[in-house]
Structure formats: C-alpha cells, structure tokens
Amino acid sequence: MGEQEMMPEKEERTTEVDFSTMILSSLTLCYQCGTCASSCPVAKITSRFNPREVIKLALMGEKREVVATDAVWFCCSCYNCQERCPQQVPIAYVIYALRNIAFKEQHNPRIYSEFASAFMNEGRIVSISKFAEKKRSEYGLPPLQPVGVEALRKLLSAIRFCESQKIKETSL
Ligand code: SF4
Ligand code: SF4
C-alpha cells in the first residue's frame, strides 16, 4: 500500500472533528442529576474525580478547570455512568473528547508520554524489564521477541501520531 493511500483524506479528518463536536454538544442534555457520579467506581475512591462535576464545568465553559487539571485522566472507561445516565449523555466519550483537547493543548500526564515513546520505539507501551524476563524464564515461558516496528511506524506516521509527541510533560 502506497503512502498516499495510507494518509487519511481531508474529509475524514473533518468528520473526526465533527464527531468530537457532536459528542461535546450532547453535554447540554445533562440536568445534573448525579447518577453518573453515584455509579462511578473511581469517584467512590477519590474526591479528585467526579464525572458530574466534569460535565458541569464543561457546560459552564470552564475549559481550563477541565482540561488543564488531572480530572479527565482518572476515568477508567467502565461505562457505568453512560449506561445509567437518564439523558443518554455519552459521558465516557465526552471524557475521551476532553482528553483529546487536553492532549493537543499539552496537558497530558507524563506517563502517557512514556507509553507513547515506548510504543513508537519498541512496539509495546511497557518496556520488557529484566524482572519480567527473569520471571518468564522461571515459569518456563519463552523470552519475549522484539516487535517489528517499521510497519507500526508507518501507521503511526499516517495518523500523525508522532506530532502528538511534541508535548510538554506535566507533573502528575
Ligand atoms: S447522569 Fe447524565 S444527566 Fe445525570 S448528571 Fe450525569 S451526565 Fe448529567
Ligand atoms: S466510564 Fe469513567 S466516568 Fe463513567 S463511571 Fe466509569 S470511570 Fe466513572
């Protein structure tokens, strides 16, 4: 497949933007009932994350409060909130859209940069440690083989993944 064929068409990129806009526009359906917060397993264990609060801040246009803090990175994508929301707000998708905005504006946690670098360089988000190699050997498992990264890099280049690596690391 030639490089030209691998690059997304301009029209497709526009559709992606429209999708994010559509997701975020669904926020206006929210009437702040709190069902999402009471269903969220993350909100149960930390006061640093509350999906109802994220939706409220986004609705109020408090962009900095939403994307420049660590709140949107706490969601574990369990979809409890989304399944139970009486207004069918696609809350997890809203959080993904907000993460994309945060990433583009260089507010991502450092660990994601590390995952991305390892993925680009080794084809895995977590490097194979000496400890893992030793344990595999002890359990009679074969050594992990290097991943061929050339094809992967072509794909990542086609979706402009490398550009997203020009990011400032935050102190999460
Ligand atoms: S459950 Fe739905 S309507 Fe209720 S606060 Fe959450 S997003 Fe808003
Ligand atoms: S999808 Fe995210 S916000 Fe929704 S309940 Fe699960 S962890 Fe909470």
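Scroll up to find the structure.
Anyway, here's the lowdown on the structure attached to this text. What you see is a predicted model; the values in this text were computed from it and never measured. (Residues numbered from 1 in each chain as written. Chains lettered and ligands numbered in written order. Predicted model: local features only at pLDDT ≥ 70, side-chain atom pairs only at ≥ 80, totals over all residues. Heavy atoms only, no water.)

## Focus on the site of ligand 2
Link 1 in the chain: Around ligand 2 sit 13 residues, and of these C40, C75, C78, Y79 and C81 come closest.
Link 2 in the chain: Broken down by secondary-structure element, the contributors of at least two residues to the shell around ligand 2 are α4 (41-45) and α7 (80-84).
Link 3 in the chain: A breakdown of the residues in the shell around ligand 2 according to their chemical character gives eleven nonpolar, two polar and no charged. (Near = heavy atom within 4 Å. Helix = DSSP H or I, 4+ residues; strand = E, 2+ residues; numbered from the N terminus. Nonpolar A, V, L, I, M, F, W, Y, C, P; charged D, E, K, R; others polar.)

## Quick notes on the side chain of R99
Link 1 in the chain: Tracing the backbone shows R99 in helix α8 (residues 91-104).
Link 2 in the chain: Polar side-chain contacts of R99 include one of 2.9 Å to the backbone oxygen of C75.
Link 3 in the chain: Look past the residues within four positions of R99 in its chain and what remains in contact with it is V72, W73, F74 and C75. (Polar contact = N/O pair within 3.5 Å; in protein donor to acceptor, adjacent residues only side chain to side chain. Contact = heavy atoms within 4.5 Å.)

## Considering the site of ligand 1
Link 1 in the chain: Around ligand 1, 13 residues are found, and the nearest of them are C30, C33, G34, C36 and C85.
Link 2 in the chain: In terms of residue class, the shell around ligand 1 is built from eight nonpolar, four polar and one charged.

## Looking at unusual backbone geometry
Link 1 in the chain: In the Ramachandran plot, S77 falls in the positive-phi region, its phi being about 60 degrees despite a non-glycine side chain.
Link 2 in the chain: Examined against the element boundaries, S77 turns out to sit in the loop between α6 (63-67) and α7.
Link 3 in the chain: For S77, a relative accessible area of 27% gives the class partly exposed.
Link 4 in the chain: One non-glycine residue, Y79, lies in the positive phi region at around 70 degrees.
Link 5 in the chain: When you line up the elements, Y79 lands in the loop between α6 and α7. (Buried < 20%, exposed > 50% of the residue type's maximum accessible area, 1.4 Å probe, protein only.)

## Digging into the nonpolar core
Link 1 in the chain: Formed by 22 residues in total, the largest nonpolar core has its most connected members in F49, V54, V66, V72, I91 and L98.
Link 2 in the chain: Secondary-structure elements contributing two or more residues to this core are α5 (51-59), α6 and α8.
Link 3 in the chain: If you tally residues by element for this core, the top one is α8, at five residues.
Link 4 in the chain: Beyond its immediate sequence surroundings of up to four residues, L98 is in contact with L24, V54, V66, V67 and V72.
Link 5 in the chain: Judged by nonpolar contacts, the second largest core, of five residues, contains M120, L152, L156 and F161. (Core = buried A, V, L, I, M, F, W, Y, C linked by side-chain atoms within 4.5 Å.)

## Brief notes about the pattern of salt bridges
Link 1 in the chain: For the structure shown, the criterion picks out six salt bridges.
Link 2 in the chain: In this structure, the salt-bridge partner of E53 is K56, at a minimum N-O distance of 3.3 Å. With a gap of three residues between them, E53 and K56 both fall in helix α5, about one helical turn apart.
Link 3 in the chain: Assessed through its relative accessible area of 27%, K56 is described here as partly exposed.
Link 4 in the chain: Between K63 and E105 there is a salt bridge; the shortest N-O distance is 2.6 Å. Here K63 is found in helix α6, whereas its partner E105 is found in the loop between α8 and α9 (110-122), with 42 residues between them in sequence.
Link 5 in the chain: A cluster of three or more residues bridged by salt bridges with shared partners is formed by R52, E53 and K56. (Salt bridge = Lys/Arg side-chain N within 4 Å of Asp/Glu carboxyl O.)

All we've got here are geometric facts, nothing functional implied.
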